Amino acid sequence: MAEKLMKYADATKKYDVVFGLETHVELCTKTKLFCPAEVSFGGEPNTQLTPVSLGLPGSLPVVNKTAVDYAIKLGLALHCEIAEWSQFARKNYFYPDMPRDYQISQYDKPTNGNGYLDVELEDGTVFRVPIERAHIEDDAGKNTHVGGADGRIEGADHSLVDYNRAGVPLIEIVTKPIEGAGDRAPEIAGAYMRAIRDIVRALGISHARMEQGNMRADVNVSLRPSADAPYGTRSETKNVNSFRGIEKTIQYEIRRQAARLDEGKEILQETRHWDEATQTTAGGRVKSDADDYRYFPDPDLVMLHITKEHIAEIEAQMPEMPRERRNRLKAEWGLTDLQLRDILNADALDLIEDTVKAGASAAGARKWWLGELSREANAKGVSLEELPVTPADVAEVEKLIADGKLNDKLAKQTVAGVLAGEGTPDEVVAKHGYKIVEDSGAIEAAVDAAFEANPDVVEKLKSGNMKPMGVIIGAVMKATRGQADAKAVTKIVMGKIKG
């Protein structure tokens, strides 16, 4: 039975929204958090294992130093206090896809705590998201349910378990309760998650590909009558793995909870699951409190000692952060706020910057990635970076245009050839014989033919009406198979009109 929902505008007007995010970021280390098993996406099931991965008796964990250093990097980026001493703890409850039946996480002594992240919204508003902690833990494996609809456990007759992911290092970033967002809560959540993705990619600590499970979030939402009232009972929607899904989850939960509160019904403290197909959340299990997990220090692992000197060493290696980088590039490229937003929405900033580094102008690079190539990516249903064309290819095409060897039409045909797998731009040009017609005699003959075929247009041009100039240029380009230089054609036409 469908849940009753209140209109979103009414819900956010009547109730104060409080939300929080628990973001799981999978680290791109070469090996797992506590053993030397390889970490890679898409491997054959149950091939990336060691006795520690399988929880075999007598196997002992050894901490991956790189994972700890990655956690320190993230802590610095999130303005966290980095603990000199931190500790791993066992979080006890049954994981069907984690053979030792407990997760190694951090509890009361996390590596990073008490930070914040300023996120910029589309209208330029900056909202500060408070960070409670960013702790290190290992991931569970993966269950595949067979026989049910859409891979769900309901109706399945058996399940398959892949332990390749068990033990992969994660950082869980837990926000404090986020207050004061009002009806912009979904937008703020989306902006925050995108900022986290950009930061971990800039740091080089995670691929942060949500479709591969590198990054996902548990979404907590509660409502209260007013901003000075105690927090309401929260729901926690688990493992949402898309930005839009996170935004929609918050919006839906606000509407659902508001409708229940309006009818005097109880909000259960429970886990829920986002269903992309129905755009709704569904109830799962009653949510446990921390006490139910029976945390205690892992007796097989000593405490982590992170010295100020080591933090300073890592801090010296920190790259430019995404927000500062965006502001720098905006100034260097002379972009407006809207132009920068278009680039960010297309996820094209890295591609454009790499194209500029390869020799293209910022305007030229932006034209290609937001124009022809965006249309191609949309048509194929892929991201820009998945297209079979590189920033170096785009820069090479721009150079051919700048050198007067290609016009816009030939350049588009060249890029089409690269996308079709015909080789580099130079190879495509050589294969098809693309080149601008430089023979002024041939161009003049084509102009004369266009004049003869369009006497009415010629009269208008001679009288000073330049609007139909495109008719003549189009006829010349057709006659030269698009290989004439438009500027040269215009110059010859103007000479004949004035002559």
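Computed from a predicted model, the values in this text were never measured in an experiment.

The rules we used
Residues numbered from 1 in each chain as written. Predicted model: local features only at pLDDT ≥ 70, side-chain atom pairs only at ≥ 80, totals over all residues. Heavy atoms only, no water. Salt bridge = Lys/Arg side-chain N within 4 Å of Asp/Glu carboxyl O. Helix = DSSP H or I, 4+ residues; strand = E, 2+ residues; numbered from the N terminus. Buried < 20%, exposed > 50% of the residue type's maximum accessible area, 1.4 Å probe, protein only. Pairing = 2+ DSSP bridges. Arc of directions from axis to C-beta. Contact = heavy atoms within 4.5 Å. Domains from an automatic or database assignment. Buried area = accessible area lost by both parts, 1.4 Å probe. Polar contact = N/O pair within 3.5 Å; in protein donor to acceptor, adjacent residues only side chain to side chain.

1. A word on the pattern of salt bridges
Okay, so step 1: Using the criterion set out here, one finds 42 salt bridges in the structure.
Okay, so step 2: One salt bridge in this structure joins R194 and E247, with 3.0 Å as the shortest N-O distance. Of this pair, R194 sits in helix α3 (residues 185–203) while E247 sits in helix α4 (residues 243–262), and the two are 53 residues apart along the sequence.
Okay, so step 3: In this structure E247 comes out as buried when scored by relative accessible area, which is 15%.
Okay, so step 4: A salt bridge links E253 to R272, with the nearest nitrogen and oxygen atoms 3.3 Å apart. With E253 in helix α4 and R272 in strand β13 (residues 270–275), the pair connects residues that are 19 residues apart, well separated along the chain.
Okay, so step 5: Since its relative accessible area comes to 3%, R272 is described here as buried.

2. A closer look at the environment of G20
Okay, so step 1: By the element assignment, G20 lies in strand β1 (residues 16–26).
Okay, so step 2: A relative accessible area of 9% means that G20 is categorised as buried.
Okay, so step 3: Note: C-alpha distance between G20 and I178 (158 residues apart in sequence) is 5.7 Å.

3. Description of the pairing of strand β4 (residues 89–92)
Two faces make up the sheet, and in a regular strand the side chains alternate between them.
Okay, so step 1: Going residue by residue along β4, you find A89 and K91 tucked away on one face and R90 and N92 tucked away on the opposite face as well.
Okay, so step 2: Bridge count between β4 and strand β5 (residues 102–105): four bridges; the pairing is antiparallel. Opposite K91, over in β5, you have Q103 as the bridge partner.
Okay, so step 3: Note: β4 against strand β15 (residues 296–297), two bridges, orientation antiparallel. Paired with R90 across the two strands is F296, which belongs to β15.

4. Thoughts on the sheet that holds β4
Okay, so step 1: Strands sit in the order β5-β4-β15 across an open sheet of three strands; the sheet is antiparallel. At either margin of the open sheet sits one strand with a lone partner, and together these are β5 and β15.

5. Side note on helix α5 (residues 308–315)
Okay, so step 1: H310, I311 and I314 are the residues of α5 that are buried. Projection of α5 onto a plane perpendicular to its axis shows the buried side chains occupying an angular sector of 100 degrees, all on one side. Away from the buried face of α5 by more than 90 degrees, exposed residues K308 and E309 are located.
Okay, so step 2: Looking at the buried side of α5, the elements it contacts are α2 (65–77) and β2 (81–82).

6. Some points on the domain arrangement of the chain
Interfaces are often described in size by the accessible area the parts lose on coming together.
Okay, so step 1: What the domain assignment lists for the chain is domain 1 (8–313), domain 2 (322–432) and domain 3 (440–498).
Okay, so step 2: Once you take the C-alpha centre of each, domain 1 and domain 2 turn out to be 35 Å apart.
Okay, so step 3: Taken together, the two surfaces of domain 1 and domain 2 that pack against each other cover about 710 Å², and 35% of this comes from carbon and sulfur.
Okay, so step 4: Looking only at domain 1, the three residues that lose the most surface to domain 2 are E120, E122 and R209, adding up to 49% of its buried area.
Okay, so step 5: Applying the counting rule to domain 1 against domain 2 returns three salt bridges.
Okay, so step 6: Put simply, R323 and E120 hold a salt bridge, and the shortest N to O gap is 3.7 Å.
Okay, so step 7: At the surface where domain 1 touches domain 2, the tally comes to two residue pairs in polar contact (both at pLDDT 80 or more).

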